[in-house]
Amino acid sequence: MVFYLSIILGKLIVFFSQIFKIGAGSTWPGHLALIFDKNFLKKIFKKNPHLQTVVVTGTNGKTTTVALLKYLLEKKGWQVFTNQEGANLLNGIASSLIKNTNLFGKIKKQVAIFEVDEFNFPLIIDEFLPQMVVVLNLFRDQLDRYGEVNTIASRWLSALKRLSQTTKVFLNGDDPNLYYLGKNIHSLVFYFGLEKENMPHKTVSFDVDFNYCPVCFNLLSYKKVVYSHLGSFFCQKCGFSPKDVFTLSLKNITFPLLGIYNQYNLTAVLLLLIKGFNFDLKELISLLKDFLPVFGRQEKIVYEDRVFYLFLSKNPVGFNQSLETAFSFVKDKKNIFWIILNNRIPDGLDVSWIWDVEFKKIFVVDKKVFVSGDRAFDMAIRLKYEPTELKKNIIPIINLKKTLKKILKETKKNEKILVFPNYSAMLEVRKILIGKKFL
Amino acid sequence: MKIFLGWFYPQFMSTYGDRGNIIALSYWAKVLGIELRVVEISLKDPKEKILKMDILFMGGAQDIQQEIVNQDLRNNKGEFLKKAIEDGVVGLFVCGAYQFLGHYYKTADGKKIPGLSIFDLYTENAGDKFPRLIGDIGIKTKINFEEIVVGFENHGGRTYLSDKSLAFGKVVFGFGNNGIDKTEGIFYKNTIGTYLHGPILPKNPKITRFLLEKAIERKYKKRIRMKKFDEEWEKKAKDHVIKRYI
């Protein structure tokens, strides 16, 4: 009885928050349902044995991966729902279930895809066992909030060990630590990775945290590196190296998203749809070309006839990848940069990580670099200390709207502005550029 | 004027953005007209390398990296590191590196890992029931007592000095060595041990310049004199943190 009351109450909250446009609809219904009935999730999954559940976790790429999975499944005629981005605790998952159930707890849709952050992933696995799990990567992010990567990895290992033997687990095989996790669990494990010829670097960069062998702790060697600690690794001491990693030849694939990190997201999605849903690879590839980026990730926004490109950059690896992608994308290299750094709760309070991002390239041309956000001056010093003669180009202004006014004065119509915000900064700048509240 | 900066185990001891200290030292060396050569001191390097250095630096990392490095320090390089610090070489040792230089580190499960006993202090992790000490921190230091030095701390270990007067600074806000006695870090001979990430040097250029000036003074027996420095942004970045607490 309590179960049904939870659904009714939850649905009422969803209804009212939509009518009054208050942003509580993505977490509150689930929050209350879980207070009334601790076993709410277990019950609703039990009532819907047809429902396929997929959990996507990792440091970077979750939102894009979930969006791409949903897009392809829907193209193939499946009915899919997801939790809202940012609502990746239990209450967000419960809320998405409430939204998609009828009053009797029955869900019509066939697949639920949940995005879960790296910290909460083990807590989610305590509550229910999904049929499929994707683990994209593990980098350091918000050390003051999530803790060190090794702490996360050991929590992940004990969570993954609790999965059933029939659960399909998709892991990044180019990540030494994730590959190692896969070798120590009982489920059906599949690895995805990139072909060696598509790996651009020869040495590891400075944003790496797993440069030692997870078996014998010797320093790892790499034949080729993709970025951070991802690449074709091997241990000279104990021979630890990956086998049976699924890769794609990307030559004949038209995929609208830039950045080598998106090749990982794409490979993970395709592998999951082949192994988990028996889809045909060729057909999937033919469906990719119309996929659009999700908000804040290479998103293009036109404002006052200027073209802003948003590259979410919330940790050292993500920021380095955003910069690399931006440079491959702007051929003329004459664009204005706008870096926005906040340190609010969803960002982590510590901004020390910006010192592990490589900013040198920004100064290859004589163009302005605007720096805003709560910690604008931390970022301004970071740029000032780069060995360059172009320090005069750095303009720190904390307030985003004031910065935007300046940018409009500095630019002409159709000019491109490359924006690198961290998480809360992305929501903030997007709200200003689009003119409405999101989330 | 040319000085050598020895950077210990950059591949391992770099979890918390402490590389910013190297970048800050390089920047201010240039401003001061000093040629600064950064030399990496890694696992495979001979320990004799240490004795050629004018400034020594090591950052913080995770437990596993610290264990890997600790073995090399104890079995190999520690003796030369101790000699250098006792001789008055300028040094900065942050977080995990700071803990290494004490008598021991007791882990959460009670295991005692011996340190190099260069600093007269010990560190204990009180276990999972006691939260890590995380957050912004402001201290008044021996180097410049007028100005608050700002950083970010994130450590599970609690450090206790045998003599509190050896502390690098006094806590104005935040936790410091152990969250109780208001001491932060240690200042021994010409070496600083501290919990301050942030990293410490970029936002606190007076400390950065102090390290460089000390190194020059020691090597060339002369003092650098410059009247004005542009540190407007550094001050603004720092004030942004301070005004949240004071």
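Keep in mind that what you see is a predicted model, and the values were worked out from it rather than measured.

A. Here's a closer look at the overall build of chain A. Secondary structure assignment for chain A yields 15 helices and 15 strands. For chain A, the C-alpha radius of gyration of 22 Å lies close to 22 Å, the compact-globule estimate for 439 residues. Considering only C-alpha atoms, chain A reaches an extent of 70 × 60 × 40 Å along its principal axes. Per-residue burial over chain A gives 48% buried out of 439 residues. For chain A, restricting intrachain contacts to residue pairs at least 6 apart in sequence, the fraction spanning at least 24 positions comes to 71%.

B. Region of the structure containing the packing of helix α1 (residues 19-31) of chain B against helix α5 (residues 205-220) of chain B. All names here are of chain B. Viewed as axis vectors pointing N to C, α1 and α5 meet at an angle of 70°, and their least axial separation amounts to 10 Å. Considered as vectors, α1 and α5 are oriented roughly perpendicular to each other. The residues of α5 that touch α1, namely those facing A24, L25, W28 and A29, are P205, T208, R209, L211 and L212. Taken together, the residues of the contact of α1 with α5 sort by class into seven nonpolar, one polar and one charged.

C. The sheet that holds strand β5 (residues 104-106) of chain B, seen in detail. All names here are of chain B. The four strands lie next to each other as β6-β5-β7-β10, forming an open sheet whose pairing is mixed. Where the open sheet ends on each side, the last strands, each with one partner, are β6 (112-114) and β10 (157-161). Neighbour-to-neighbour, the strand axes of the sheet open up by a mean angle of 20°, direction not taken into account. The pairing of β5 with β6 spans three bridges and is classified as antiparallel. The residue bridging Y104 from the neighbouring strand is P114, located in β6.

D. Quick look at the domain arrangement of chain A. All names here are of chain A. Here chain A is partitioned into domain 1 (45-290) and domain 2 (297-434). The straight-line distance from the C-alpha centre of domain 1 to that of domain 2 is 28 Å. Contact residues are listed per partner, giving 20 residues for domain 1 and 16 residues for domain 2. Those elements that place two or more of their residues in the side of domain 1 that touches domain 2 are α4 (62-75) and α7 (143-146). Among the elements that take part in the side of domain 1 that touches domain 2, α7 stands out by supplying three residues, more than any other. In terms of residue class, the side of domain 1 that touches domain 2 is made up of seven nonpolar, eight polar and five charged.

E. Focus on the sheet that holds strand β11 (residues 169-173) of chain B. Residues and elements named next belong to chain B. Spatially, four strands are ordered β9-β8-β11-β12 in an open sheet, and the strand pairing comes out antiparallel. The open sheet is flanked by β9 (148-155) and β12 (183-184), the only strands paired with a single partner. For strand β8 (residues 133-141) and β9, the ladder comprises eight bridges, and the chain directions are antiparallel. Residue G138 lies in a different strand from β9, and its bridge partner there is V150. Contacts between helix α6 (residues 232-242) and the sheet are confined to β8 and β9, with β9 contributing the most and set at about 65° to the helix.

F. Representation of helix α14 (residues 400-410) of chain A. All names here are of chain A. Turning to α14, its buried residues are L400, T403, L404 and I407. All buried residues of α14 fall inside an arc of 100° around its axis, so they share one side. Within α14, the exposed residues directed more than 90 degrees away from the buried face are K401, K402, K405 and K409. Taken together, the buried residues of α14 touch β12 (336-340), β13 (369-372), β15 (416-421) and α15 (423-434).

G. Here's a closer look at unusual backbone geometry. All names here are of chain B. The linkage connecting G198 with the following residue, P199, adopts the cis geometry, with an omega of -15°. Here C95, not a glycine, exhibits a phi torsion of approximately 55°, which is positive. If you trace the backbone, C95 turns up in the loop between β4 (90-94) and α3 (96-100). C95 gets classed as buried once you count the C-beta atoms within 10 Å, which come to 25. Residue K182 is not a glycine yet carries a positive backbone phi of 65°. By the element assignment, K182 lies in the loop between β11 and β12. For K182, a count of 17 C-beta atoms within 10 Å corresponds to the partly exposed category.

H. Summary view of the interface of chain A and chain B. Of the residues lining the interface, 24 residues belong to chain A; the matching set on chain B comes to 27 residues. Mapped by element, the contributors of at least two residues to the side of chain A that touches chain B are α7 and α13 (376-384) of chain A. The residue inventory of the side of chain A that touches chain B, partitioned by class, reads 13 nonpolar, three polar and eight charged.

I. Representation of the pairing of strand β1 (residues 52-57) of chain A in the model. Residues and elements named next belong to chain A. Bridge count for β1 against strand β3 (residues 111-115) is five bridges, and the pairing is parallel. Within β3, the position partnered with T53 by the bridge is A112. Across four bridges, the pairing between β1 and strand β4 (residues 132-135) is parallel. Directly across from T57, in β4, lies its bridge partner V135.

J. Spotlight on the environment of V294 of chain A. Residue and element names in this part refer to chain A. Examined against the element boundaries, V294 turns out to sit in the loop between α11 (281-286) and β10 (297-303). Between the alpha carbons of V294 and A67 there is a distance of 7.2 Å; along the sequence they are 227 residues apart. In contact with V294, other than residues within four places in its own chain, are T63, T64 and A67.

K. Structural view of the nonpolar core. W338 and V419 of chain A together with L25 of chain B are the most contacted members of the largest nonpolar core, which has 112 residues in total. Ignoring sequence-local partners within four residues, the contact set of V419 of chain A consists of F308, Y309, L310, F311, W338, I340 and V429 of chain A. Within the second largest apolar cluster, 80 residues are counted, among which are L69, F210, V225 and Y264 of chain A.

L. Spatial organisation of the pairing of strand β14 (residues 191-194) of chain B. Residue and element names in this part refer to chain B. The alternating pattern of β14 places T191 and G193 and I192 and T194 on opposite faces, both of which are buried. Pairing analysis gives four bridges linking β4 to β14, with the strands arranged parallel. Within the sheet, the bridge partner assigned to F93 lies in β14 and is G193. Pairing of strand β13 (residues 186-188) with β14 involves three bridges; the strand directions are antiparallel. Residue I186 lies in a different strand from β14, and its bridge partner there is G193. Between β13 and β14, which follow one another and run antiparallel, lie two residues, and K189 among them has a positive phi close to 55°.

Reading guide: rules and limits
Residues numbered from 1 in each chain as written. Chains lettered and ligands numbered in written order. Predicted model: local features only at pLDDT ≥ 70, side-chain atom pairs only at ≥ 80, totals over all residues. Helix = DSSP H or I, 4+ residues; strand = E, 2+ residues; numbered from the N terminus. Rg over C-alpha atoms; globule rule 2.2 N^0.38 Å. Buried ≥ 20, exposed ≤ 12 C-beta atoms within 10 Å, placed from the backbone. Contact = placed C-beta atoms within 7 Å. Axes fitted to C-alpha atoms, helices over the stretch in contact; angles between N-to-C directions. Parallel < 35°, antiparallel > 145°, perpendicular 65-115°, else oblique. Nonpolar A, V, L, I, M, F, W, Y, C, P; charged D, E, K, R; others polar. Pairing = 2+ DSSP bridges. Domains from an automatic or database assignment. Arc of directions from axis to C-beta. Core = buried A, V, L, I, M, F, W, Y, C linked by C-beta atoms within 7 Å.

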